[in-house]
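So the chains spell out like this:
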There are 2 protein chains.
Amino acid sequence: MKQILVVDDEVRIAELCRDYLERAGYQVTLAYNGADALSLARTRHPDLIVLDLGLPHMDGLEVTRAVRTQSNVPIVMLTARVEESDKLVGLELGADDYLTKPFSPRELVARVRAVFRRIDLGPARADVIRAADVTLDVPRMQAKVGRRLVALTSTEFELLAMMMRQPGRVFTRGQLLDAVRGEQGESFDRAIDAHVKNLRRKLEPDPRNPRYVLTVYGVGYKFVDA
Amino acid sequence: MKQILVVDDEVRIAELCRDYLERAGYQVTLAYNGADALSLARTRHPDLIVLDLGLPHMDGLEVTRAVRTQSNVPIVMLTARVEESDKLVGLELGADDYLTKPFSPRELVARVRAVFRRIDLGPARADVIRAADVTLDVPRMQAKVGRRLVALTSTEFELLAMMMRQPGRVFTRGQLLDAVRGEQGESFDRAIDAHVKNLRRKLEPDPRNPRYVLTVYGVGYKFVDA
DNA sequence: ATCAATCGTGAACAGATTGTGAAGTGGATG
DNA sequence: CATCCACTTCACAATCTGTTCACGATTGAT
């Protein structure tokens, strides 16, 4: 279920938004000031933020900037001001849509749905991971080595994606297992070895002398960097 | 042509609205009390309702509630009161916009246009979707495989359309369910399997070896790409 | 150079995921 | 009110994947 963070200092409005969004099937968290909004954005990793521009102390634009330094989460802005310049600034900072108060909660829901639609099935934004001749197309769950298409299982794909997001960084088997299994049941570390074996068989030209997925003796694995 | 129902007990105001809205190209019906408004809303199925809150006998909010039990028609509210709480109540009940008396008829027209624009914009999507030998004529709800016409149910059509809009992208059963059921009631993921089975039976030459709708083990389904 | 620890690998197993026909449900239609 | 059709749910079989195991190969330290 999608999680939405609603930020507005006017409690009634915030709760109104929450009610409508929850009825539309979203999970909603509320924040009444910029500082809370930031910490919630960091800890809860919402899928979308509904943000009032006219917050006390910390302005909505500041919040936007701060959030943007850390994530690409879509933002729908609310504002009482109607000046065109605000719109431009807001959109430049990465707002995905814009509503002027007073607005109808139904329209808010419609906008939120539209944003999710654009993101979920829109012209897939750059959700591609590249490193050293290997390309991962995340929404398509497709891997390419050079021009050669490689079919991977979802676990193999997750594993490879995790390592490729930070090429050169060494991951322990425990970290890799957590990424794959959502840190649930405990399994043997050697399970990772098996996946690495299969990965290498599928994407290395010579699985005996790996070029991409390298072993770091006594620690774990890493994707080659540079 | 769009039809609009204007509800106001003050005859002069109602007629003023009618004149302006008709000049703007809409077809207008008038009602001077809540009861008439309700029955007209039921029989004429207007595309939008302009509703005065300060009606005698049956309050505008009551009318709104009653209308909402039956339809989702957009409502633009008029009111003499300017209190913020009224605004909120109105919006809570599902008004799409709000005007305070006295208002300029020109502004009313502008708001009405804006509401229609927001609605019509909708999920602007292509009328025809093509991918890999399959063609969907969306407005006609017609599917073709090569030259062969295939009859699909609306759910099957929606499902196929969702996947074909982004060939190759993998969709989870949850995403597909949302697209089909408007992310309302929860149903079993396996319902999607059943639809996929029926889809394949109808459009695959050999349903046991699908060419178009492919399974991605552990994730969901995708329409073949390229 | 030797040795204990670590890693690679193939095969076998267990468990989860999917395909499918049939039965059940609900709303639309006449 | 009866019928039909689409959608959902259920149960079981078929399939695929992830994990484990055992053993040989490799590594790094003494």
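Computed from a predicted structure; not experimentally measured. (Residues numbered from 1 in each chain as written. Chains lettered and ligands numbered in written order. Predicted model: local features only at pLDDT ≥ 70, side-chain atom pairs only at ≥ 80, totals over all residues. Heavy atoms only, no water.)

Visitor: Pulling in residues and values, what's your account of the protein's contact with DNA strand C?
Guide: By nearness alone, 24 residues border DNA strand C, and A:Arg200, A:Thr215, A:Tyr221, B:Thr215 and B:Tyr221 come closest of all. Within 4 Å of the protein, the contacting atoms of DNA strand C are 54% sugar and phosphate, with bases supplying the remainder. B:Arg173 places a side-chain nitrogen or oxygen 3.1 Å from a phosphate oxygen of DNA strand C. One of the side-chain N or O atoms of B:Arg190 is found 2.9 Å from a base nitrogen in DNA strand C. Breaking the surface near DNA strand C down by element, the ones donating at least two residues are helix H8 (190-203) and strand E11 (213-216) of chain A together with helix H8 (190-203) and strand E11 (213-216) of chain B. Tallied by class, residues from the surface near DNA strand C come to eight nonpolar, four polar and twelve charged. (Near = heavy atom within 4 Å. Polar contact = N/O pair within 3.5 Å; in protein donor to acceptor, adjacent residues only side chain to side chain. Helix = DSSP H or I, 4+ residues; strand = E, 2+ residues; numbered from the N terminus. Nonpolar A, V, L, I, M, F, W, Y, C, P; charged D, E, K, R; others polar.)

Visitor: For the nonpolar core, give the residues involved together with the corresponding values.
Guide: A:Leu136, A:Leu160, A:Met164, A:Val213 and A:Phe223 are the most contacted members of the largest nonpolar core, which has 29 residues in total. For this core, the secondary-structure elements that each account for two or more residues are strand E6 (128-131), strand E7 (134-137), strand E8 (142-145), helix H6 (154-164), helix H7 (173-181), H8 and strand E12 (220-223) of chain A. For this core, the element with the most residues is H6(A), which contributes six residues. For A:Met164, the residues in contact, after removing those within four places along its chain, are A:Ile129, A:Arg130, A:Ala131, A:Val134, A:Leu136 and A:Phe223. By size, the runner-up hydrophobic cluster in this structure holds 26 residues, among which are B:Ala143, B:Phe157, B:Ala161 and B:Leu203. (Core = buried A, V, L, I, M, F, W, Y, C linked by side-chain atoms within 4.5 Å. Buried < 20%, exposed > 50% of the residue type's maximum accessible area, 1.4 Å probe, protein only. Contact = heavy atoms within 4.5 Å.)

Visitor: Any chance you could break down the sheet that holds strand E3 (residues 48-52) of chain B for me, citing the residues and the numbers?
Guide: All names here are of chain B. Taken together, the five strands give an open sheet; going across it, the order is E2-E1-E3-E4-E5, and neighbouring strands pair in parallel fashion. Every interior strand has two partners, whereas the edge strands, strand E2 (27-31) and strand E5 (97-100), have only one. Ignoring which end each strand starts from, the neighbouring axes of this sheet average 20° apart. Pairing between E3 and strand E4 (residues 75-79): four bridges, direction parallel. Bridge pairing in E4 links Val50 to Val76. Helix H1 (residues 11-23) rests against strand E1 (3-7) and E2 of the sheet, and its axis sits at about 170° to E2. Where helix H2 (residues 34-44) meets the sheet, its contacts fall on E1, E2 and E3, and the angle it forms with E2 comes to roughly 145°. (Pairing = 2+ DSSP bridges. Axes fitted to C-alpha atoms, helices over the stretch in contact; angles between N-to-C directions.)

Visitor: Please provide a residue-by-residue account of the pairing of E11(B), values included.
Guide: Residue and element names in this part refer to chain B. By the bridge criterion, four bridges tie E11 to strand E12 (residues 220-223) in an arrangement that is antiparallel. By the bridge assignment for E12, Val213 is matched with Phe223. Between the antiparallel neighbours E11 and E12 lie three residues, among them Gly218 with a positive phi of about 80°.

Visitor: Go over the confidence of the model for chain A with me, naming the residues and quoting the values.
Guide: Scored by pLDDT, chain A has a mean of 81; 84% of the residues are at 70 or more. Mean pLDDT in chain A bottoms out at helix H4 (residues 84-92) of chain A, which sits at 52, and peaks at strand E1 (residues 3-7) of chain A, which reaches 94. (pLDDT = per-residue confidence, 0-100.)

Visitor: Report on the pattern of salt bridges, specifying residues and quantitative values.
Guide: Counting across every chain of the model gives eleven salt bridges over all chains. Across the salt bridge formed by A:Asp193 and A:Arg173, the nearest N and O atoms sit 2.7 Å from each other. Of this pair, A:Asp193 sits in helix H8 while A:Arg173 sits in helix H7, and the two are 20 residues apart along the sequence. Overall, the relative accessible area of 18% leaves A:Asp193 in the buried class. Each member of the salt-bridge network shares a partner with another, and the members are A:Asp137, A:Arg140 and B:Asp225. (Salt bridge = Lys/Arg side-chain N within 4 Å of Asp/Glu carboxyl O.)

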